[in-house]
Amino acid sequence: MIQLKDISLSYPGHPAPVQALQGVNLQVRAGEVFGVIGRSGAGKSSLIRVINLLNRPSQGQVRVAGAELTALSASTLRAARHQIGMIFQHFNLLSSRTVFDNVALPLELSGVRPALIRTRVDELLDLVGLSALRERYPAQISGGQKQRVGIARALASKPKVLLSDEATSALDPETTRSILGLLRQINRDFGLTIVLITHQMQVIKQVADRVAVIDAGRIVEQGAVIDVFTRPQHATTRSLIDEILPQELPASVIARIRALMAAEPQRSGQLLRLAFAGDGSGQPLLSDVIRRFGLDLNILHGQIDDIQGQTFGSLAVHVRGASAQLVQAVAHLRSAGVVVQEEEIAHV
Ligand SMILES: Nc1ncnc2c1ncn2[C@@H]1O[C@H](COP(=O)(O)OP(=O)(O)OP(=O)(O)O)[C@@H](O)[C@H]1O
Ligand SMILES: [Mg+2]
């Protein structure tokens, strides 16, 4: 549905231009929710604005719904943009217009007949659950309600693609969940393709099918959300995941492990980080490994979570046993699909 090919973008600046994007390649499939995550200044807004050509890249091609936007004239580009809706962090509503009139605006601008506008806006307000608030002004509704207006307005021209630039960043966690739920529902019911950018892994976890991680203007990692959570490759990805699945071990725990290791250097053991996904088989597997290889195992930190219906667990464990048995135990866990990272205790 969306293809970005070798995109670079720079902004004029002094003393040198700002290189905001470099060699970005992305493919977003029809009907998926695709998340782009990165720290502040990584280039997320620059990237999403390339998709509808609000930012024209200095290099590369943008294709959306079969049209190469980068090759279109100004007037055909305007028509092609009707396929692309957008929602924003600060909603961008007109304060002098009611909820109804805000949603009606894009239809008025494209010359739709008033009678048709009324039916379409009624449908949209019903869809986002705001029919009762149609005569209110933006100042008279909550942030979550404003974003619902934003969503209804973005859907007015029946786009194939919805772009979301930090649409939930100004909202509390509960409201964020309800807005993400609405986006998911629209995605499922209408097959709308959604690209959302965020700096919160929580948002990715709740709603995205696939994710790309952007760092200093480059995509450093991408894949299915469950794979990226269980096998993060890049340091930026790990630190973003760490914010919702903390892996830091308390200093007191580390001190205790060090003491254990010093007391019995020949059985000092290893610190392992285990990640498992899918059917939640991590626990029985562990007790099996302990028995089979005669290990002592101490769980230091553990968490089980859910990524859109799939169980995802992470555990930090200290295992002790004969070194040959330890090697076999790690191999056994890996062959059972557990991601095992062996950590040097001195580096913890
Ligand atoms: N209009 C502009 N002119 C010059 N530099 C810009 C402009 N817009 C963005 N930049 C720079 O480009 C880089 C990427 O900015 P961008 O806004 O895309 O980041 P972001 O990931 O969306 O950040 P945030 O999470 O804070 O919104 C930054 O270094 C920023 O300072
Ligand atoms: Mg931004």
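These lines cover the structure that appears in this document, whether it is placed above or below. In this text the structure is predicted, and so the values were computed from the model without any measurement.

With respect to the sheet that holds strand 9 (residues 210-215)
No. 1: Pairing is mixed across the open sheet formed by 6 strands, whose spatial order is 6-7-8-3-9-10. Edge positions in the sheet fall to strand 6 (84-88) and strand 10 (218-224), since each has one partner strand and no second. Put simply, the sheet's adjacent strands are angled 15° from each other on average, direction ignored.
No. 2: Pairing between strand 9 and strand 10: 6 bridges, direction antiparallel. Bridging across to strand 10, Ile 214 finds its partner in Ile 219.

Brief notes about helix 1 (residues 44-51)
No. 1: Among the 8 residues that make up helix 1, 6 are buried, leaving the element largely enclosed by the rest of the structure.
No. 2: Among the residues of helix 1, Lys 44, Ser 46, Leu 47, Ile 48, Val 50 and Ile 51 are the ones counted as buried.
No. 3: Positive backbone phi, approximately 65°, marks Leu 53, located one or two places after helix 1.

Considering the site of ligand 1
No. 1: Taken together, the residues surrounding ligand 1 are Tyr 11, Val 18, Ala 20, Arg 39, Ser 40, Gly 41, Ala 42, Gly 43, Lys 44, Ser 45, Ser 46 and Glu 166.
No. 2: Between ligand 1 and Ser 40 there is a distance of 2.5 Å, counted from an oxygen atom to a side-chain nitrogen or oxygen.
No. 3: Within the backbone of Ala 42, a nitrogen or oxygen atom sits 3.2 Å from an oxygen atom of ligand 1.
No. 4: Within the complex, 57% of the 630 Å² of free accessible area of ligand 1 lies under protein.
No. 5: Residue assignment for the shell around ligand 1 shows that the elements contributing at least two residues are strand 2 (18-28) and helix 1.
No. 6: Of all the elements, helix 1 adds the most residues to the shell around ligand 1, at 3 residues.
No. 7: Considering only residue class, the shell around ligand 1 consists of 4 nonpolar, 5 polar and 3 charged.

Let's talk about the pattern of salt bridges
No. 1: Considering all chains together, one arrives at 12 salt bridges under this definition.
No. 2: The partner of Glu 32 in a salt bridge is Arg 210, with the nearest N and O atoms 2.8 Å apart. In this pair, Glu 32 is assigned in the loop between strand 2 and strand 3 (33-37) and Arg 210 in strand 9, connecting sequence segments 178 residues apart. Of the two residues, Glu 32 and Arg 210, neither departs from the other in class, the shared state being buried.
No. 3: One salt bridge in this structure joins Glu 123 and Arg 120, with 2.8 Å as the shortest N-O distance. With Glu 123 and Arg 120 both in helix 4 (residues 114-127) and 3 residues apart, the pair spans about one turn of that helix.
No. 4: You can call Arg 120 buried: its relative accessible area is 16%.
No. 5: Taken together, the shared-partner salt bridges in this structure form one network comprising Asp 122, Arg 134 and Glu 135.

Re unusual backbone geometry
No. 1: Cis geometry is found at the peptide bond from His 14 to Pro 15, where omega equals 0°.
No. 2: Following the sequence through the fold, Pro 15 ends up in the loop between strand 1 (2-11) and strand 2.
No. 3: Even without being a glycine, Phe 91 presents a positive backbone phi close to 70°.

As for the sheet that holds strand 5 (residues 67-68)
No. 1: The sheet built from 4 strands is open, its strands ordered 2-1-4-5 with antiparallel pairing. Only two strands of the sheet have a single partner each, and these edge strands are strand 2 and strand 5.
No. 2: Inspection of the sheet shows strand 1 paired to strand 2 by 7 bridges, in the antiparallel sense. Bridged to Ser 10 within strand 2 is Gln 19.
No. 3: Strands strand 1, strand 2 and strand 4 (59-64) of the sheet are contacted by helix 1, whose axis makes an angle of about 125° with strand 1.

Digging into the packing of helix 5 (residues 143-155) against helix 6 (residues 173-190)
No. 1: The contact between helix 5 and helix 6 brings their axes to 10 Å, and the two run at 20°. In terms of their interaxial angle, helix 5 and helix 6 are classed as roughly parallel. The two elements helix 5 and helix 6 cross, and the hand of that crossing is right-handed. Contacts between helix 5 and helix 6 involve Gly 144, Gln 147, Arg 148, Ile 151 and Leu 155 from the former and Thr 175, Ser 178, Ile 179, Leu 182, Leu 183 and Ile 186 from the latter.
No. 2: Taken together, the residues of the contact of helix 5 with helix 6 sort by class into 6 nonpolar, 4 polar and 1 charged.

About the thresholds
- Residues numbered from 1 in each chain as written.
- Chains lettered and ligands numbered in written order.
- Predicted model: local features only at pLDDT ≥ 70, side-chain atom pairs only at ≥ 80, totals over all residues.
- Heavy atoms only, no water.
- Pairing = 2+ DSSP bridges.
- Helix = DSSP H or I, 4+ residues; strand = E, 2+ residues; numbered from the N terminus.
- Axes fitted to C-alpha atoms, helices over the stretch in contact; angles between N-to-C directions.
- Buried < 20%, exposed > 50% of the residue type's maximum accessible area, 1.4 Å probe, protein only.
- Near = heavy atom within 4 Å.
- Polar contact = N/O pair within 3.5 Å; in protein donor to acceptor, adjacent residues only side chain to side chain.
- Areas by Shrake-Rupley, 256 points an atom, 1.4 Å probe, with all protein chains shown as cover.
- Nonpolar A, V, L, I, M, F, W, Y, C, P; charged D, E, K, R; others polar.
- Salt bridge = Lys/Arg side-chain N within 4 Å of Asp/Glu carboxyl O.
- Contact = heavy atoms within 4.5 Å.
- Parallel < 35°, antiparallel > 145°, perpendicular 65-115°, else oblique.
- Left-handed = near helix turned anticlockwise from the far one by under 90°.

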